[in-house]
Amino acid sequence: MAATSYQVNAPKVVYEAFEDETVLINLDSGNYYSFSESGALIWSRIISGESIASVIEYLQDRFPNTTDITVSVEDFVRELVEENLIVKNSSGIAKNVKQGKAEIPTLARFERPMLQKYSDMQDLLLLDPIHEVDEMGWPHALPPKLTEEQIG
Amino acid sequence: MIGGSSVANRHSTAQNIAGPAEYFERALGAAAAACERPGATVKCINLGGGRRGILHFCDSALEKILYAALAHQELPNGRIEPDFKILAWDSLHSGVPMWSPPWTTDDYLARGEIAGYNDERFRAVFQLDSRVLSLYDANRRIGLWWTQDFAQLPLYERAAPFLLLFHWWHALNNHHSFLLHAAAVGTENGSGLLLAGRSGTGKSTTALASLVDGDLFYVADDYCIVRAGAERPTVYSLYCSAKLDSKTLASFPRLGHKASFDEIGRDPEGKIAFDLYRSFPHSLRKKLPLCAILLPRVPKDKNGTRPNRFTPVGSGTAVRALAPSTLFQLPGAGPNNFRMIAALANRLPCFQLELGGEIASVSQSLRQFMECLTLNERTTPNQRNHSCF
């Protein structure tokens, strides 16, 4: 993983960085995500095209007394890949940038990044395949969704 | 002649249709045939910012179903060149069939988009739960709305008709305005609040409480238009409906028992869509400049004695409440919509509103909150009094 660089899985995934957190939406899956502080810092460097090794090196330089940076970054990247938020850089060229511009100045210490996942919008999407159509070729109406009380 | 090529007497298949342009042209022909029949009706509506739309219905029964939520936007009919034209019909009542889909069942994507029929110019979505087909041509600014039998329409389609068509018109033809899943209320001196959050968070309850038990102005219950160019962000009304389920309705005894409140309709589950234009004609506003974004929250342990509480939150938190529910409900909404929502959240102060449980107090709390915001706007950051929230 270390030599690999990644890019945002666009156009399926949209994201914006804010002062308090970075918000990502996967338009295909119905899931959305957020992370802050160290997660936001790692994200900003990954999507600028840096290799994972370069991101780790940068963090180790910046936070020399922190021991679990490599594992934390690799776990975080693995999660981002598993959630289809990033994909391997199609150009295959990784940058080795030690002085990043997208730093978060208030980050005083490195903490294990946490990817918050929200799945409460999935019921708005059509995630199951359509099997039946009427005689004109139009899909049948969806069966009504059961309420929590009906499910028991 | 409304437009489009002539429609065949009966057509069941359209496998030889080449793509979105040809399918739209044929559908337009069918729509024109339906909307030029004797008994077809026309309405002219305000779209905000001086822009006007023309709605063609295949008959007065369909108009009655779909137009109630837009009646507050009515303009005198006249010979105008509209900025947007919608043709709406159903096959069962008009007798005009629709071209069968040339696509396959595998072509329906997660948000209802039809693969291969959505590009820079055309949009096509078939909504499975309502069985409504919406088509849009951005070059001609024409939207088509079709269903087989309008008697089968779910309540939400009556409360928010042509939602996707309005969304596409703003997204593809109006660069500084966009459709948002949010409610909005405000005061007579021109301050507006955007209320964000998915269904069930207290958004509609807060908006309706401002109107029913208070003296605030009402702009939107569920969907609104936001215009945010160089000028101050402004919210525009789209619909004059408010949907309430039976549980929320119990919080508004006046709505539940007063027979004079007009309804747009109700569904078998007990959900009611109210016609606020008829029920509260003097309390609706077409637009208001925005001063803040609020994220209402109904606490799990409801306690009627607690005051409503306002807590500042970051723009990211506000975007999590605004963007996913908007983007997942609106096929075709993507990076541009997300960027506009993000820019809006960055321009306005954002607060969480923890509702105290006493609905009658919400209106007064919102009024005090806006007065506090206005006061703080006039002072330097060091002089600001955040305790007044």
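Keep in mind that what you see is a predicted model, and the values were worked out from it rather than measured. (Residues numbered from 1 in each chain as written. Chains lettered and ligands numbered in written order. Predicted model: local features only at pLDDT ≥ 70, side-chain atom pairs only at ≥ 80, totals over all residues.)

Colleague: Summarise the overall build of chain B; cite the residues concerned and give the values.
Modeller: When helices and strands are tallied, chain B shows 12 helices and 18 strands. The C-alpha radius of gyration of chain B comes to 22 Å, within 12% of the 21 Å expected for a compact globule of 389 residues. Expressed along its principal axes, the backbone C-alpha trace of chain B runs to roughly 70 × 45 × 40 Å. Taking all 389 residues of chain B together, the buried fraction comes to 52%. (Helix = DSSP H or I, 4+ residues; strand = E, 2+ residues; numbered from the N terminus. Rg over C-alpha atoms; globule rule 2.2 N^0.38 Å. Buried ≥ 20, exposed ≤ 12 C-beta atoms within 10 Å, placed from the backbone.)

Colleague: How would you explain the overall build of chain A if you had to name every residue and give the values?
Modeller: Within chain A one finds four helices and six strands. Starting at the N terminus, the α and β elements of chain A follow one another as β-β-β-β-α-α-α-β-β-α. A buried classification covers 32% of the 152 residues belonging to chain A. Summarising the internal contacts of chain A: among those between residues at least 6 apart in sequence, 70% fall at separations of at least 24. (Contact = placed C-beta atoms within 7 Å.)

Colleague: Which residues make up the nonpolar core, and what values do they have?
Modeller: Residue and element names in this part refer to chain B. If you look at the biggest cluster of nonpolar residues, it comprises 163 residues, and the most contacted ones within it are Ala-184 and Cys-224. If one sorts the elements of this core by residue count, helix H1 (residues 20–35) sits on top with 10 residues. Two domains share this core, each providing at least three of its residues, namely domain 1 (20–173) and domain 2 (177–388). Aside from chain neighbours lying at most four places away, what touches Cys-224 is Leu-180, Ala-182, Ala-184, Val-219, Val-235, Tyr-236, Ser-237 and Leu-238. (Core = buried A, V, L, I, M, F, W, Y, C linked by C-beta atoms within 7 Å. Domains from an automatic or database assignment.)

Colleague: So what about the interface of chain B and chain A? Which residues, and what values?
Modeller: Taken residue by residue, the interface counts 29 residues in chain B and 29 residues in chain A. The set of elements that each furnish at least two residues to the side of chain B that touches chain A consists of helix H10 (315–329) and helix H11 (335–347) of chain B. With 11 residues, the single largest contributor to the side of chain B that touches chain A is H10 of chain B. Across the side of chain B that touches chain A, the residue classes tally to 13 nonpolar, 11 polar and five charged. (Nonpolar A, V, L, I, M, F, W, Y, C, P; charged D, E, K, R; others polar.)

Colleague: Pulling in residues and values, what's your account of the sheet that holds strand S14 (residues 263–266) of chain B?
Modeller: All names here are of chain B. Read across the open sheet, the three strands follow the order S13-S15-S14; overall the sheet is antiparallel. The strands lining the two open edges of the sheet, one partner per strand, are strand S13 (241–244) and S14. If you compare each strand with its neighbour and ignore which way they point, the axes differ by 15° on average. (Pairing = 2+ DSSP bridges. Axes fitted to C-alpha atoms, helices over the stretch in contact; angles between N-to-C directions.)

Colleague: Describe the sheet that holds strand S6 (residues 116–118) of chain A, and please don't skip the residues or the numbers.
Modeller: Residue and element names in this part refer to chain A. Read from one edge to the other, the open sheet built from four strands follows the order S2-S3-S4-S6, with strand pairing classed as antiparallel. Whereas interior strands pair on both sides, the edge strands pair on one side only; in this sheet they are strand S2 (13–17) and S6. Between one strand and the next, the sheet's axes are offset by a mean angle of 15°, whatever the strand orientation. Relative to the sheet, helix H1 (residues 38–46) contacts S2, strand S3 (22–26) and strand S4 (32–35), its axis offset from that of S4 by approximately 110°.

Colleague: Describe helix H12 (residues 362–377) of chain B, with residues and values.
Modeller: Residues and elements named next belong to chain B. For H12, which comprises 16 residues, the first-to-last C-alpha distance of 22 Å matches the rise-based estimate of 22 Å (1.5 Å per residue) to within 8%. Burial in H12 covers these residues: Val-362, Ser-365, Leu-366, Phe-369, Met-370 and Leu-373. For H12, the buried positions fall inside an angular range of 135° around the axis, keeping them on one side. Turning to H12, the residues buried within the fold contact strand S8 (177–186), strand S9 (192–196), helix H6 (203–212), strand S16 (287–297) and strand S17 (309–313). (Expected span 1.5 Å × (residues − 1). Arc of directions from axis to C-beta.)

Colleague: Would you mind going over the environment of Pro-281 of chain B in detail, with residue names and values included?
Modeller: Residues and elements named next belong to chain B. Along the polypeptide, Pro-281 turns up in the loop between helix H9 (276–279) and S16. According to the C-beta neighbour criterion, Pro-281 is exposed, with 10 such atoms within 10 Å. In sequence terms Pro-281 and Asn-337 are 56 residues apart; their C-alpha atoms lie 32 Å from each other.

Colleague: Account for unusual backbone geometry, naming residues and giving values.
Modeller: Note the cis peptide between Ala-10 of chain A and Pro-11 of chain A, where omega equals 5°. Of note, the phi angle at Glu-37 of chain A is positive, near 45°, even though the residue is not glycine. Inspection of the secondary structure assignment puts Glu-37 of chain A in the loop between S4 and H1. C-beta crowding within 10 Å serves as the criterion here: with 19 such atoms nearby, Glu-37 of chain A is assigned to the partly exposed category. We note that Arg-131 of chain B has phi near 60°; this positive angle belongs to a residue other than glycine. Positionally, Arg-131 of chain B belongs in the loop between strand S5 (122–127) and strand S6 (132–137).

Colleague: I'd like a description of helix H2 (residues 52–62) of chain A, backed by residues and values.
Modeller: When H2 of chain A is considered as a whole, its buried residues turn out to be Ile-52, Ser-54, Val-55, Ile-56, Tyr-58 and Leu-59 of chain A. Buried residues along H2 of chain A sit in contact with H1 and helix H3 (69–82) of chain A.

Colleague: Report on the packing of H2 of chain A against H3 of chain A, specifying residues and quantitative values.
Modeller: The description of two packed helices rests on the angle between their axes and on the distance between the axes. All names here are of chain A. Across the interface, H2 lies against H3 with an axial gap of 10 Å and an inter-helix angle of 140°. By the angle class used here, H2 and H3 are oblique. In this structure, the crossing between H2 and H3 has a hand that is right-handed. Along the contact surface, H2 presents Ile-52, Val-55, Ile-56, Leu-59 and Gln-60, while H3 presents Ile-69, Thr-70, Val-73, Glu-74 and Val-77. (Parallel < 35°, antiparallel > 145°, perpendicular 65-115°, else oblique. Left-handed = near helix turned anticlockwise from the far one by under 90°.)

Colleague: Go over the environment of Gly-53 of chain B with me, naming the residues and quoting the values.
Modeller: Residues and elements named next belong to chain B. Mapped onto the fold, Gly-53 is located in strand S2 (residues 51–57). Exposure remark for Gly-53: the 25 C-beta atoms within 10 Å place this residue in the buried category. Considered as a pair, Gly-53 and Gly-95 are 42 residues apart in the sequence and their alpha carbons are 26 Å apart. Apart from the residues within four sequence positions on either side, Gly-53 is in contact with Ile-45, Leu-47, Pro-82, Asp-83, Phe-84, Lys-85 and Ile-86.

Colleague: Could you give an account of the domain arrangement of chain B, with specific residues and numbers?
Modeller: A common way to report how large an interface is uses the accessible area buried once the components associate. Residues and elements named next belong to chain B. Taken as a whole, chain B is organised into domain 1 (20–173) and domain 2 (177–388). Just the C-alpha atoms count here: the centres of domain 1 and domain 2 sit 28 Å apart. For the side of domain 1 that touches domain 2, the secondary structure elements donating two or more residues are S5, helix H4 (155–159) and helix H5 (163–173). Here the side of domain 1 that touches domain 2 takes seven residues from H5, the largest share from any one element.

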